[in-house]
Amino acid sequence: MFTRKDFPEDFLFGTATSSYQIEGHGFGGAGRTHWDDFADTPGNVVRAEHGARACDHYHLYEQDLDLVAAAGFDAYRFSTSWARVLPEGRGPVNTEGLDFYDRLTDAMLERGLKPCATLYHWELPSALADLGGWRNRDVASWFADFTEIIMDRIGDRMWSVAPINEPWCVAWLSHFYGAHAPGLRDIRAAARAMHHVLLAHGRAIEVMRAQGLGNLGGVFNLEWASPASDEPEARHAAAIYDGIYNRWFLGGVFKGAYPQIVLDGLEPHLPQNWQDDFPTITQKLDWCGLNYYTRKRIAPAPGPWPALCEVEGPLPKTAMGWEIYPQGLQDFLIRTAAEYTGDLPLYVTENGMAAPDQMRGGDVHDPDRLSYLAAHLEALRAAQARGVPVKGYFVWSLLDNYEWSFGYEKRFGLVHVDFDTLARTPKASYHAMALALRKDQNR
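Engineer: I'm lost on the packing of aromatic side chains in this one. Help?
Structural biologist: Counting across every chain of the model gives 44 aromatic pairs. With a centroid separation of 4.7 Å and 25° between ring planes, the pair formed by Tyr-58 and Phe-100 is classed as stacked. Note that Tyr-58 is positioned in helix H3 (residues 57–70) and Phe-100 in helix H5 (residues 95–110), a separation of 42 residues in sequence. Phe-100 gets classed as buried once you look at its relative accessible area, which sits at 0%. Their ring planes at 85° and their centres at 5.8 Å tell us that Trp-287 and Tyr-347 sit as a pair that is edge-to-face. One end of the pair, Trp-287, is in strand E6 (residues 287–300); the other, Tyr-347, is in strand E8 (residues 346–350), and 60 residues separate them in sequence. With respect to class, Trp-287 is no different from Tyr-347; both count as buried. Feature note: the residues Tyr-20, Trp-35, Phe-38, Trp-122, Tyr-402, Trp-404, Tyr-408 and Phe-419 constitute an aromatic cluster, connected by ring pairs. Its end group placed over the ring of Tyr-325, Arg-295 keeps NZ or CZ at 4.9 Å from the ring centre. Its guanidinium or amino end placed over the ring of Phe-7, Arg-381 lies 5.9 Å from that ring's centre, counting from NZ or CZ.

Engineer: Help me out: how do you make sense of the nonpolar core in this one?
Structural biologist: One finds Trp-82, Trp-134, Trp-248 and Leu-333 to be the most contacted residues of the largest nonpolar core, which totals 140 residues. Looking at which element gives the most residues to this core, the answer is helix H9 (residues 187–210), with eleven residues. In terms of nonpolar packing, the next biggest core, distinct from the first, is built from eight residues, Ala-75, Cys-116, Val-219 and Phe-394 among them.

Engineer: Even after reading the chapter, I still don't get the pattern of salt bridges, so can you show me in this structure?
Structural biologist: Should the charged atoms of two oppositely charged side chains come close, the side chains can pair. A full pass over the atoms with the stated rule returns 34 salt bridges. With its nearest N and O atoms 3.9 Å apart, the salt bridge here joins Arg-111 to Glu-110. Take Glu-110: its relative accessible area is 61%, and that puts it in the exposed class. A salt bridge links Lys-427 to Asp-357, with the shortest nitrogen-to-oxygen separation between them at 3.0 Å. Of this pair, Lys-427 sits in the loop between strand E13 (424–426) and helix H15 (428–436) while Asp-357 sits in the loop between E8 and strand E9 (358–360), and the two are 70 residues apart along the sequence. A residue is classified by how much of its surface remains accessible, and Lys-427, at 0% relative accessible area, is buried.

Reading the values: rules and limits
- Residues numbered from 1 in each chain as written.
- Predicted model: local features only at pLDDT ≥ 70, side-chain atom pairs only at ≥ 80, totals over all residues.
- Heavy atoms only, no water.
- Phe/Tyr/Trp six-rings, centres within 6.5 Å; stacked < 30°, edge-to-face > 60°.
- Helix = DSSP H or I, 4+ residues; strand = E, 2+ residues; numbered from the N terminus.
- Buried < 20%, exposed > 50% of the residue type's maximum accessible area, 1.4 Å probe, protein only.
- Lys NZ or Arg CZ within 6 Å of the ring centre and 35° of its normal.
- Core = buried A, V, L, I, M, F, W, Y, C linked by side-chain atoms within 4.5 Å.
- Salt bridge = Lys/Arg side-chain N within 4 Å of Asp/Glu carboxyl O.

The structure is reproduced here in structure tokens:
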């Protein structure tokens, strides 16, 4: 297992959560979100579970932040809920929501934690979904207005801010695969969401720059695409998958261009004059965050573009069925710096695994998680040894939580949550992290 002395003195260790997954959206005057609608639709979520109570972080946040601090983490990456602040997405502000994020921010600072905010982690207000949501170009302006309101309240105390978590999930997973809210399977909707999510990102950066805020970044989820065979058709399918999942968003933000291999399929469905938005999309960033979990093996498939499918791989898998492939993290860090970000600081803003907990007496054992984290930190160090400016690492997640369409079934937490009693029990991985992060170790 690693220790702090294996990393540079200024290397940042943190853990991450998201608002809808832990707060309890039924509290504090929060408005309805498209995730509430998605969960209420039969067949979308395991056991039709939803986020009305979740982990009740809304009331138990001090207890949870005590756990973050006690583990020795330097930073806490959290997200704000648009519908908690603006129940209708626009119009009247819910002061209870702003007050909550005010209290949460002060509680982080009181514990010596760096607040790392993500403004949007998938909980679009239902009233805006009714207007087309991410398909509607106006979403960029609505999001900019929300950004101004929430950052007027807490922006002065943020260590870092990113507008949108994992744009691929916001756009493609939710509008093409239909696996997340709003649950669409529509290539035109997906193409427009793919563009508008980046336009909203850029507008939010513009707003925060105008407010005088700094240390602003973007957070992208990346998934390594391996051809399922050496056949040219498999390599081409993997390149399309890589383009959709990874290169579209990094290319849009850092190069002001989308990959042609994806435009071949999506350009007919993009909004008119989409090229004119790149000056906004490419607003200067201070850092880039990578969320990494797995790779996918890709094969060609019959049917319309993108004409590909996932093929089960041979590697050990997490409880999500995701292959454990640390090499992908090293490769992405190297590739991102070489092709997109240059000397810009990189952060691994999410990395972790879902695994079943082994209950022994009052203890919770999760040896697979500890092995997973150690292997990925080794991959990170290998990238650093190649000169990649990786400046921090955040474990997903602090708590077992609402895992979207999987309900409360998949556990990613360093801390076990009993969803009946809401009792928190640190797992063996939590205790190992706390030992590794002790700041009194000799260098």
